Amino acid sequence: MPFPYQRLRRLRQNEGFRRLVRETVLTPSDLILPLFAIGGTNVKNPIESMPGQYQLSPDNIVKTARQVVELGIPAVILFGIPDGKDATGSGAYATDGIVQQSVTLIKETLPDLLVITDVCLCEYTDHGHCGVVAGQTVDNDATLALLAKTAVSHARAGADMVAPSDMMDGRVAAIRNALDDDGFKHTPIMAYAAKYCSSYYGPFRSAVDSAPKFGDRRTYQMDPANSDEALREVALDIEEGADIIMVKPALAFLDIIRRVRETVDLPVAAYNVSGEYAMIKAADQLGWLDGRQVMLETLTAIKRAGADMILTYFALEAATILNG
Ligand code: PBG
Ligand code: ZN
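Residues numbered from 1 in each chain as written. Chains lettered and ligands numbered in written order. Predicted model: local features only at pLDDT ≥ 70, side-chain atom pairs only at ≥ 80, totals over all residues. Heavy atoms only, no water.

1. What about the site of ligand 1?
Link 1 in the chain: What surrounds ligand 1 is a group of 19 residues, the closest being K195, R205, K248, S274 and Y313.
Link 2 in the chain: At 3.4 Å, a side-chain N or O of K248 approaches a nitrogen atom of ligand 1.
Link 3 in the chain: Between ligand 1 and the protein, one listed contact pairs an oxygen atom with a side-chain N or O atom of S274 at 2.7 Å.
Link 4 in the chain: In isolation ligand 1 has 400 Å² of accessible area, and contact with the protein removes 100% of it. (Near = heavy atom within 4 Å. Polar contact = N/O pair within 3.5 Å; in protein donor to acceptor, adjacent residues only side chain to side chain. Areas by Shrake-Rupley, 256 points an atom, 1.4 Å probe, with all protein chains shown as cover.)

So, in structure tokens, the structure goes:
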């Protein structure tokens, strides 16, 4: 029935009505905090283009992880900044690597906190690519064994879940087989399935010094112009054994989150990436918008689009507000 019988403003007139009809409710349980692990003790290096984020030594990672638990956030995801880099990214799968050390320390101290590890080589290779390089190209098949080795070393250190972000073909199957062979058949894989070649990763790459030294990532990460292809990536990762499907970045790809949500029956994660965080922080610092409100609106939009969980540098800040 049309106006004046129907008036949609009736259910917007106060917070009680608005709460009753609210379709999307963000909670701390939806969030995963990314953390950057670096060697040493008592290290807390601010990341310039990501205000409020730091490179943390394992002791400080545990301190932050304790806050994560207190705020009711179920998980963190770890990235590593190794002491040295080489052609094959050996720091990624070193038994005493920085991620391996940090995982073990967190699990010893906070056994109920889920620790997810990012599985990739770009933070550990001297050329900055996500795989091993042959001439000017990234060698897909030669990379698979190293990714599998990395995932197994994370699981051995105590990781609850591994998250391959390299975008090599066949990596989910390679990791699944390696985990199963090593006795980790219950360790899930969160696959960065639809991962786009995005300029929104800029602040992250300066945080871990992982920008490619030659070329770019367009031969393995997805073209931002494509949407059907995301469904092919997702379908293959599921066939290969992925347990959770990720779309990355989030904000410029809300249509992809929605399409993936409507296509698959697995949990969907979205990565609210470094550049999305930096934009809000920068505008807030300039006084050009209300960063706190824009943060909540953004995270709600990502959930409304279809994400079951959100990897976000805002996790601590958002959970503090959501807990009242
Ligand atoms: C590593 C990786 C990247 C991000 C997560 N894992 C960078 C990249 O692919 O270049 C980006 C995260 C962010 O921007 O917050 N492959
Ligand atoms: Zn990478």
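2. Section: a nonpolar patch on the surface
Link 1 in the chain: A surface patch of nonpolar side chains, about 380 Å² in accessible area, is lined by L11, F17, L20 and V21.
Link 2 in the chain: Looking at the element boundaries, V21 is found in helix α1 (residues 15–21). (Patch = residues over 30% accessible without salt bridge, like charges linked within 9 Å, V, L, I, M, F, W, Y side chains within 5 Å. Salt bridge = Lys/Arg side-chain N within 4 Å of Asp/Glu carboxyl O. Helix = DSSP H or I, 4+ residues; strand = E, 2+ residues; numbered from the N terminus.)

3. Some words on the coordination of the zinc ion (ligand 2)
Link 1 in the chain: The zinc ion (ligand 2) binds to the protein through C120 (SG), C122 (SG) and C130 (SG); the donor distances cover 2.2 to 2.3 Å.
Link 2 in the chain: Every donor counted, the 4 donor atoms about the zinc ion (ligand 2) form angles of 99 to 120 degrees at the centre, which fits tetrahedral coordination. (Donors = N, O, S within 2.8 Å, 3.2 Å for Na, K, Ca; no water. Tetrahedral: all angles 85-135°; square planar, octahedral: opposite > 155°, others 65-115°.)

4. Points about the packing of helix α4 (residues 140–157) against helix α5 (residues 171–181)
Link 1 in the chain: Between α4 and α5, the least distance of the axes is 8 Å, while the angle of their chain directions is 45 degrees. Relative to α5, α4 is oriented oblique. In this structure, the crossing between α4 and α5 has a hand that is right-handed. Taken together, the residues of α5 that come into contact with α4 (itself represented by L144, L147, A148, A151, V152 and A155) are R171, A174, I175, A178 and L179. (Axes fitted to C-alpha atoms, helices over the stretch in contact; angles between N-to-C directions. Parallel < 35°, antiparallel > 145°, perpendicular 65-115°, else oblique. Left-handed = near helix turned anticlockwise from the far one by under 90°. Contact = heavy atoms within 4.5 Å.)

5. Some details on the pattern of salt bridges
Link 1 in the chain: As enumerated under the stated definition, the model contains 14 salt bridges in all.
Link 2 in the chain: Here R171 makes a salt bridge to D166, at a shortest N to O gap of 3.3 Å.
Link 3 in the chain: With a relative accessible area of 0%, D166 lands in the buried category.
Link 4 in the chain: With a shortest N-O distance of 3.1 Å, E262 and R258 are connected by a salt bridge. Of this pair, E262 and R258 both sit in helix α8 (residues 254–263), separated by 4 residues, roughly a single helical turn.
Link 5 in the chain: Classification of E262 as exposed rests on a relative accessible area of 58%.
Link 6 in the chain: Assessed through its relative accessible area of 33%, R258 is described here as partly exposed.
Link 7 in the chain: When salt bridges with common partners are traced through the structure, they connect E15, R18 and R22 into a single cluster. (Buried < 20%, exposed > 50% of the residue type's maximum accessible area, 1.4 Å probe, protein only.)

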